[in-house]
Amino acid sequence: DIEVEPLTEAVENTELEDEDSQVIIEDEDFEGINPSDKPQTGNNELNIVNAPMNIKGHWDDYYLEIIGLIGVFVYALNFYTGKSINNRLANAWFDHHKKLLSDSFYIVGDDGVSKEVSEGVLVKESENKFVIWCTGRLGCEGIKIEIKLLRRQDLISVLSQIFKPQSDTITVTVYLAPDDMDSVVLAVMPRKGIKRLQQEVQDLSHFATEKKVDKFDLPSQLGVLSEFSEVSNEFLSVPVCKTISENIDVFDSIHFSDYYTGFKISQESQAETERPKPVKRMIFNFVIPGFGKRTKSTIMETTEPLMKMVVHMMAGSPSSSSARRTRTRPRNTGSRLRKTS
């Protein structure tokens, strides 16, 4: 038989009531714990152990960083090298042609900024473009010489030069007063691009027609666009044609116009902007031979004969009376356009 002993001890329970929950604390949960005992406090700070550095890594783990540093170094080296080459070439051209310009103009190298007239200033518009302003000569208001060099300071341009070679160029723009030249449209340029320019340039499209090169004694790779044969004969004299032929590797083009407005403007753009006002200009374009591979300062001296030709053609432009006599001859579209404009 199983004897059931009567319950001799009562379990004392302590109840804590709360609004949301009821917690029952029993004495059996705290057996062996003296309430008077305090918890022991020890050193709970985090101990950092100095582990040895792993110096057994391979350079292969940092190839991206190495390539990036090499790229930055090469770009910076090319920038300063190309910048110094362009500065040296531009100054070499100016130094070599300064005497010729000084003999032809009263002021050579005006900066156009200072209130007082300055001389001998080579204006640097960018790392590869330099400008020389000259004034003080009868027959023109002044000239602007633009030395447009290759972007040697740009690494991407240097790499593209390998696949598509280009050349340094010299552009001379002569600004003529309204009474200095009358009714002249003439262009001499490479034959391979003459059709395209005749379609894109306003005055050449309206006034000029292609002439035979044989009678001017010019190289066969050049073409002539002119409005009147009489005017072209006066400009393209024997000394001028001889200079062009002897320096054909430096000569690029010439463009004379008393109605120069630049390239054609589309009808949509012309409705938004005003039509350019015609001006009188003589524009000469020369190239430095070598496609940028020859960077010695002496290469900039190759344009001296053509710069003498510029001065000669400025002084020997047709007179206004001669131009007016040729203007009386019948001319189709060009004459009508000039009368109505």
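Up top is the structure.
What to know about the overall build of the protein chain
What the protein chain contains, in helices and strands, is 10 helices and 12 strands. The buried share of the protein chain, reckoned over its 341 residues, is 37%. In the protein chain, the proportion of contacts linking residues at least 24 apart, taken out of those at least 6 apart, comes to 69%. Entry remark: accessible area of the protein chain is about 22700 Å², with carbon and sulfur atoms responsible for 53%.

Structural notes on the nonpolar core
Within soluble globular proteins, side chains that are nonpolar tend to cluster in buried spots. Within the largest apolar cluster, 55 residues are counted, with the highest numbers of intra-cluster contacts made by Leu236, Phe284 and Phe286. At 8 residues, the largest contribution of residues to this core is made by helix H1 (residues 63–104). Each residue touching Leu236, except ones within four places of it in the same chain, is listed here: Leu186, Val188, Phe216, Leu218, Val224, Cys241 and Ile254.

A few points about the environment of Pro305
Residue placement: Pro305 occurs in helix H8 (residues 304–315). Measuring from C-alpha to C-alpha, the distance between Pro305 and Glu246 comes to 9.3 Å, with 59 residues separating the pair along the chain. Once residues lying within four places of it in the same chain are set aside, the contact partners of Pro305 are Thr243 and Asn247.

Quick notes on the packing of aromatic side chains
Each aromatic ring pair is described using two quantities: the centre-to-centre distance and the angle formed by the ring planes. Tallying each qualifying case throughout the model produces 6 aromatic pairs. Here the aromatic rings of Phe235 and Phe256 are separated by 4.8 Å at their centres, their planes lie at 50°, and the arrangement is tilted. Of this pair, Phe235 sits in helix H5 (residues 229–235) while Phe256 is found in strand S11 (residues 251–260), placing the two residues 21 residues apart along the sequence. When sorted by exposure, Phe235 lands in the same class as Phe256, which is buried.

A few points about unusual backbone geometry
In this structure, Asp217 is a non-glycine residue whose phi angle is positive, near 55°. Considering the arrangement of structural elements, one finds Asp217 in the loop between strand S9 (209–211) and strand S10 (222–226). The residue Phe291 is not glycine, and still its phi comes out positive at about 55°. Counting through the fold element by element, Phe291 comes out in the loop between strand S12 (279–287) and H8.

Looking at the pattern of salt bridges
The tally for this structure, following the rule as stated, stands at 11 salt bridges. Residue Glu125 is joined to Lys129 by a salt bridge in which the shortest nitrogen-to-oxygen separation is 3.5 Å. By relative accessible area, Glu125 is classed as partly exposed at 45%. On the accessibility criterion, Lys129 (24% relative accessible area) is partly exposed. Of the charged contacts in the structure, one is a salt bridge between Arg191 and Glu210, with a shortest N-O distance of 3.2 Å. Highlighted residues: Arg191 in the loop between strand S8 (185–190) and helix H3 (194–200) and Glu210 in strand S9, separated in sequence by 19 residues.

A closer look at the side chain of Lys144
Mapping Lys144 onto the fold places it in strand S6 (residues 142–148). When residues no more than four places from it in sequence are discounted, the contact partners of Lys144 are Val131, Ile132, Trp133, Thr171, Val172, Thr173 and Tyr175.

What to know about a nonpolar patch on the surface
A cluster of nonpolar residues, Trp59, Tyr62, Ile66, Ile70, Phe73, Val74 and Leu77, forms a patch on the protein surface that exposes about 770 Å² of accessible area. By secondary structure assignment, the location of Phe73 is in helix H1. For Phe73, a relative accessible area of 57% translates into the label exposed.

What to know about the packing of H1 against H8
At a minimum axis distance of 11 Å, the contact between H1 and H8 shows a crossing angle of 20°. In this view, H1 runs roughly parallel relative to H8, as classed from their interaxial angle. In this structure, the crossing between H1 and H8 has a hand that is right-handed. Judged by residue contacts, Trp93, His96, His97, Leu100, Leu101 and Ser104 of H1 engage Glu304, Met307, Lys308 and Val311 from H8.

Regarding the packing of helix H6 (residues 238–246) against H8
To characterise two packed helices, one gives the angle between the axes of the helices and the distance between these axes. At a minimum axis separation of 10 Å, H6 and H8 run at an interaxial angle of 160°. Judged by the inter-axis angle, H6 sits roughly antiparallel to H8. The chirality of how H6 crosses H8 is left-handed. Seen from H6, the contacting residues are Val240, Thr243 and Ile244; seen from H8, they are Pro305, Leu306, Met309, His312 and Met313. Partitioned by chemical class, the residues of the contact of H6 with H8 number 6 nonpolar, 2 polar and no charged.

Topic: the environment of Asp179
For Asp179, the position within the fold is in the loop between strand S7 (169–175) and S8. Spatially, the C-alpha atom of Asp179 lies 9.5 Å from that of Cys140, the residues being 39 residues apart in sequence.

Let's talk about the side chain of Asn78
Relative to the elements of secondary structure, Asn78 occurs in helix H1. Of the polar contacts made by the side chain of Asn78, one reaches the backbone oxygen of Gln153; its length is 3.5 Å. With residues up to four places along the chain from it excluded, the contact list for Asn78 reads Arg152, Gln153, Asp154, Leu155 and Val158.

Conventions used here
Residues numbered from 1 in each chain as written. Predicted model: local features only at pLDDT ≥ 70, side-chain atom pairs only at ≥ 80, totals over all residues. Heavy atoms only, no water. Helix = DSSP H or I, 4+ residues; strand = E, 2+ residues; numbered from the N terminus. Buried < 20%, exposed > 50% of the residue type's maximum accessible area, 1.4 Å probe, protein only. Contact = heavy atoms within 4.5 Å. Areas by Shrake-Rupley, 256 points an atom, 1.4 Å probe, with all protein chains shown as cover. Core = buried A, V, L, I, M, F, W, Y, C linked by side-chain atoms within 4.5 Å. Phe/Tyr/Trp six-rings, centres within 6.5 Å; stacked < 30°, edge-to-face > 60°. Salt bridge = Lys/Arg side-chain N within 4 Å of Asp/Glu carboxyl O. Patch = residues over 30% accessible without salt bridge, like charges linked within 9 Å, V, L, I, M, F, W, Y side chains within 5 Å. Axes fitted to C-alpha atoms, helices over the stretch in contact; angles between N-to-C directions. Parallel < 35°, antiparallel > 145°, perpendicular 65-115°, else oblique. Left-handed = near helix turned anticlockwise from the far one by under 90°. Nonpolar A, V, L, I, M, F, W, Y, C, P; charged D, E, K, R; others polar. Polar contact = N/O pair within 3.5 Å; in protein donor to acceptor, adjacent residues only side chain to side chain.

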